[in-house]
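# Residue-level structural notes
Next come the chains, spelled out residue by residue.
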Amino acid sequence: MKWLKKIVVKTVLMLLGRAFKRAHKMDKDIAHYYEKLPSNVSFGFKVYPDGPCLSVFRTSDKITINHNCSDELDILFIFKNLEAAFMVFTAKKSTIRVYAENRISVKGDIGDVMYLMRIIDRIQVLLFPKFIAKRVVKGYPNIPWGSLFLERIKLFVGILTG
């Protein structure tokens, strides 16, 4: 079963990377939080000991992604094991809850981490149906249904087209 969890986590990281790349162009709130981050910031997600990873690099208004992680990223979310990453990426537990349970550690400037968490929360609102997103996002935003539907469609098309 471990191999299946690894495939799921790797797939979700790929989709999350594409969501990071696309979301800042289509959502004003995400674009606002990206502007608060340093212009040449790098961040990533890594699963210890030898799990999948995702690196995201932001330079001015361009975002690039790759799946070769190093510990030299400005902000790094380190999942202590595959099970912790699986719980977060399948929306069984929120990132905050997993952090409180000491299953994830974060390296980087705390202010920048908070802006990045707001971006992640907003992406989760766009990706997940409301009944799931309310479980994993603190303070579900009040977005009109029609607007949310259009933003989701744009994000899903962006994810699928790369």
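Here the structure is shown first, and the text comes after it.
The following refers to the structure shown. This structure is a prediction, so every number in the text was calculated from the model and none was measured.

## A short note on the packing of aromatic side chains
Counting across every chain of the model gives seven aromatic pairs. Judged by centre distance (6.2 Å) and plane angle (25°), the ring pair of F20 and F45 falls under stacked. Pair noted here: F20 is in helix 1 (residues 2-26) and F45 is in strand 1 (residues 40-47), with a separation of 25 residues, a long-range link. Above the plane of the ring of F86 lies K5, whose end atom (NZ or CZ) is 5.3 Å from the centre.

## Observations concerning the side chain of S94
Structurally, S94 is set in the loop between helix 3 (82-89) and helix 4 (95-100). A distance of 3.0 Å separates a polar side-chain atom of S94 from the backbone nitrogen of R97. Not counting the four nearest positions on each side in its chain, S94 is found in contact with V88, R135 and V136.

## Observations concerning the sheet that holds strand 1
Reading across the sheet, the five strands line up as 3-2-1-4-5 and stay open at both edges, with mixed pairing between neighbours. Bordering the open sheet on either side are strand 3 (62-66) and strand 5 (104-107), each of which pairs with just one other strand. Neighbour-to-neighbour, the strand axes of the sheet open up by a mean angle of 10°, direction not taken into account. Both strand 4 (residues 75-79) and strand 5 contribute to a ladder of four bridges, which runs antiparallel. Paired with F79 across the strands is I104, a residue of strand 5. Set on the sheet, helix 5 (residues 110-127) makes contact with strand 1, strand 4 and strand 5; between it and strand 4 the angle comes to about 65°.

Definitions and limits used
Residues numbered from 1 in each chain as written. Predicted model: local features only at pLDDT ≥ 70, side-chain atom pairs only at ≥ 80, totals over all residues. Heavy atoms only, no water. Phe/Tyr/Trp six-rings, centres within 6.5 Å; stacked < 30°, edge-to-face > 60°. Helix = DSSP H or I, 4+ residues; strand = E, 2+ residues; numbered from the N terminus. Lys NZ or Arg CZ within 6 Å of the ring centre and 35° of its normal. Polar contact = N/O pair within 3.5 Å; in protein donor to acceptor, adjacent residues only side chain to side chain. Contact = heavy atoms within 4.5 Å. Pairing = 2+ DSSP bridges. Axes fitted to C-alpha atoms, helices over the stretch in contact; angles between N-to-C directions.

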